[in-house]
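Chain by chain, the residues:
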There are 2 protein chains.
Amino acid sequence: MQGAVEDVDVPSASDVLRRCRELVRPALVDAVGRLHPWTGEMAAYALGWSDTAGTPEPGGSEGKGVRQALALLGAEAVGADAACAVPGAVAVELVHTFSLLHDDVMDADALRRRRPAVWKAYGTGPAVLAGDALLARAVTGLAETPGDHAAAVRRLCDALNDLVAGQAEDLRFEHRPWDGPGAVGPEEYRSMAEGKTGALLGCALALGAVLGGAPEPTVAALDRAGRHLGLAFQAVDDILGIWGDPATTGKPVHADLHRGKKTHPVLAALAGGSRAARELGTLLASARPTDAAAERVASLVEEAGGRAATRGEARRHLDAARDALRATPLTRTAARELDVLFAGLADRVM
Amino acid sequence: MQGAVEDVDVPSASDVLRRCRELVRPALVDAVGRLHPWTGEMAAYALGWSDTAGTPEPGGSEGKGVRQALALLGAEAVGADAACAVPGAVAVELVHTFSLLHDDVMDADALRRRRPAVWKAYGTGPAVLAGDALLARAVTGLAETPGDHAAAVRRLCDALNDLVAGQAEDLRFEHRPWDGPGAVGPEEYRSMAEGKTGALLGCALALGAVLGGAPEPTVAALDRAGRHLGLAFQAVDDILGIWGDPATTGKPVHADLHRGKKTHPVLAALAGGSRAARELGTLLASARPTDAAAERVASLVEEAGGRAATRGEARRHLDAARDALRATPLTRTAARELDVLFAGLADRVM
């Protein structure tokens, strides 16, 4: 009976995300308000709170706030009040926004959430500066949190280093060949994706647990769960980067193919060795694909099993993330909400 | 007799800087070695250790290392061993390098220490990434230092926020008129310069004192001394930006004039109200100066008293910095070395 009642009570992933955004919002607004007004305006635009004229656009292009939610749930999962994790939630959300601003500069991505990226709207220099301001504010907010939070600051720093190293790998991969001895291996891809996407998701959960006073093994398990979630997330993103509907992804069709990004579906397709894989290899080796060629590349990747392999990769990491949660003593409600959230994030392509 | 012996023993500013660089070098090399190899290569280039091919260039284009020296002297000045301040010295040097990389992107400065800036040598995206990596590593190194260094991390974060806000002001000033109600006032200029240049110099001294276990009033006095030094330093830089020899500054002649930078000499000249000031105002209001016009602008700034006023500003802040040191109980040797260092930095144009 109790179980049945709880099932009814489990909120949807978007309910969980909304509740967490509302809890974090005042502190996030306060953090952005402490920035120089100009970088604050760019930050508000990047967070989807306002347009380039600074006019509020409530809910317009706001992110889901996955990282802030993970921080709060990390605290609740170890029996603490979500409020204690708010400084961690703000920190990971600001670091995420920083990384979007700078990554869009590095990747020359002109669109973000269906709007011009900050560098397109304000210029490259200002976007770099706004990213710097967000990063500085993220670390400061956590360092200023009353209580002894040296462990929290160290965790955030570690994630930052991993994030930047992952982005470095991703950029370097663009200069590597698709095939042959210099090709990007599965382990290299995984390490890049774990740094670029997994580190901050793991950090979000871990920070919540640290701020909630959890013992180190619990913190480590939550970090591991978040890292696997990140790998699932990156696999999903790779699928959307090739086959995603631009209306949903907010990015141009085949964006990753045009840039020669070493994504999981293409690498997995090439590794298959089928006729389609060989044709794919020849096509990719010739030049960066035109629109028509990108269409053909996408078909060949699918035919050679790349899409299915990446879906499998996402599922494996989602399972591993859930296993890491189940193997850890967590409060029941938060554990269920995390499970719902994890599934919702990976379900975008399954 | 003792005084005379001590006078003989006081090393020159470049002796002090060299000794400090040698003490910090192994830890700085270690910190750069922890970066992703690609960002590490860019960092080594930015630090003047190697060329773009990664080939070592010993001593070629290395910076003076003022900030690392201030950190070590800050510790020695409060009676601690310089070694305890090495993590602080590494942190401020990495933050300084981060800010050079990103500022050169924002200011489109193609030359740094007579070599192509990192964004010119490696590309804008990679330069942004290398800066991010240096910033992350700077905070991490300090956060990982054994012992309770929460206060040190907070100080570094505060300086970072000031630094970024100062850079934001500096960029915004370029869009402000030279004259009239929207013109940049002396207090606004000072606040920008204190953020952009003073905050990190103050932080360097303060970090040394914090890591050396000094009480808060001593730390605050050293921070204040460093901030005044920064204001003197910025005034000197402004003079060099107009009248400096490109062979010494490593930057193009009249660089600041061509970009419409709101520097102290020009603002002070305009505020004078003389005939030269009025002609200067008209010339500046018409357009960004050509080479010939920049020459004329420089002459008018000098004629209107801008150069002398800025030299006075540098001297006042240098005196204030020295006063702040003298009003604080510091060990005699370190206080003398600081005095020599302060004078040496400001003497470049006096």
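Residues numbered from 1 in each chain as written. Chains lettered and ligands numbered in written order. Predicted model: local features only at pLDDT ≥ 70, side-chain atom pairs only at ≥ 80, totals over all residues.

Colleague: Outline the overall build of chain A, supporting the account with residue identities and numerical values.
Modeller: Each helix and strand in chain A was counted, giving 17 helices and two strands. For a compact globule of 350 residues, the expected C-alpha radius of gyration is about 20 Å, and chain A comes in at 20 Å, within 12% of that figure. Expressed as lengths along the three principal axes of its C-alpha atoms, the size of chain A is roughly 60 × 50 × 35 Å. (Helix = DSSP H or I, 4+ residues; strand = E, 2+ residues; numbered from the N terminus. Rg over C-alpha atoms; globule rule 2.2 N^0.38 Å.)

Colleague: Which residues make up helix α10 (residues 216-243) of chain A, and what values do they have?
Modeller: Each α-helix turn comprises 3.6 residues. Residues three or four places apart therefore point the same way. The end-to-end C-alpha distance of α10(A) is 40 Å, a good match for the 40 Å that 28 residues give at a rise of 1.5 Å each. Burial runs high along α10(A): 23 of the 28 residues are buried. (Expected span 1.5 Å × (residues − 1). Buried ≥ 20, exposed ≤ 12 C-beta atoms within 10 Å, placed from the backbone.)

Colleague: Tell me about the interface of chain B and chain A, residues and numbers included.
Modeller: Across the boundary between the two partners, chain B contributes 31 residues, which contact 31 residues of chain A. For the side of chain B that touches chain A, the secondary-structure elements that each account for two or more residues are α3 (37-46), α5 (86-107), α7 (124-144) and α8 (150-173) of chain B. In terms of residue count, α7(B) provides more of the side of chain B that touches chain A than any other element does, 13 residues in total. Here the side of chain B that touches chain A is built from residues that sort into 18 nonpolar, eight polar and five charged. (Contact = placed C-beta atoms within 7 Å. Nonpolar A, V, L, I, M, F, W, Y, C, P; charged D, E, K, R; others polar.)

Colleague: Break down the confidence of the model for chain A for me, with residues and values.
Modeller: As a general rule, the predicted coordinates of low-pLDDT regions are not to be interpreted in detail. Residue and element names in this part refer to chain A. Within chain A, residue pLDDT values average 91, and 95% of them lie at 70 or more. Mean pLDDT per element in chain A: helix α1 (residues 2-9) is the minimum at 49, and helix α4 (residues 66-77) is the maximum at 98. Long-range and interchain partners of residues 1-6, a stretch whose pLDDT sits below 50, account for zero contacts in this model, where long-range means more than four residues apart. Of the two predicted TM-score estimates for the complex, the pTM is 0.94 and the ipTM is 0.93. (pLDDT = per-residue confidence, 0-100.)

Colleague: Explain the relation of the copies chain B and chain A to me, and be specific about the residues and the numbers.
Modeller: For the match of chain B to chain A, the screw axis carries a shift of 0.0 Å, the RMSD comes to 0.0 Å, and the turn is 180 degrees. Here the copies are linked by what is in effect a two-fold axis. Within chain B, Ala150(B) has its C-alpha nearest the rotation axis, a separation of 3.2 Å. (Least-squares fit on C-alpha atoms with pLDDT ≥ 70 in both.)

Colleague: A description of unusual backbone geometry should follow, citing residues and the corresponding values.
Modeller: Residue and element names in this part refer to chain B. We note that arginine 113 has phi near 50 degrees; this positive angle belongs to a residue other than glycine. Mapped onto the secondary structure, arginine 113 falls in the loop between β1 (111-112) and β2 (115-116). On the basis of neighbour counts, which here come to 15 C-beta atoms within 10 Å, the residue arginine 113 falls in the partly exposed class. The phi angle at arginine 114 is positive, at roughly 65 degrees, despite the residue not being glycine. Checked against the element boundaries, arginine 114 lands in the loop between β1 and β2. Take arginine 114: there are 13 C-beta atoms within 10 Å of it, and that puts it in the partly exposed class.

Colleague: Which residues make up the packing of helix α5 (residues 86-107) of chain A against helix α8 (residues 150-173) of chain A, and what values do they have?
Modeller: Residues and elements named next belong to chain A. Two numbers describe how α5 lies on α8: the axes approach to 12 Å, and their chain directions differ by 20 degrees. With respect to their mutual orientation, α5 and α8 come out roughly parallel. In the crossing of α5 with α8, the sense of the turn from one axis to the other is right-handed. Contact residues: Gly88, Ala91, Val95, Ser99, Asp103 and Met106 in α5; Ala152, Leu156, Leu160, Leu163, Gln167 and Leu171 in α8. Looking at the contact of α5 with α8 residue by residue, the classes come out as eight nonpolar, three polar and one charged. (Axes fitted to C-alpha atoms, helices over the stretch in contact; angles between N-to-C directions. Parallel < 35°, antiparallel > 145°, perpendicular 65-115°, else oblique. Left-handed = near helix turned anticlockwise from the far one by under 90°.)

Colleague: Got a sec to walk through the environment of Gly63(B)? Specific residues and values, please.
Modeller: Tracing the backbone through its elements, the reader meets Gly63(B) in the loop between α3 and α4 (66-77). Note: C-alpha distance between Gly63(B) and Leu94(B) (31 residues apart in sequence) is 12 Å.

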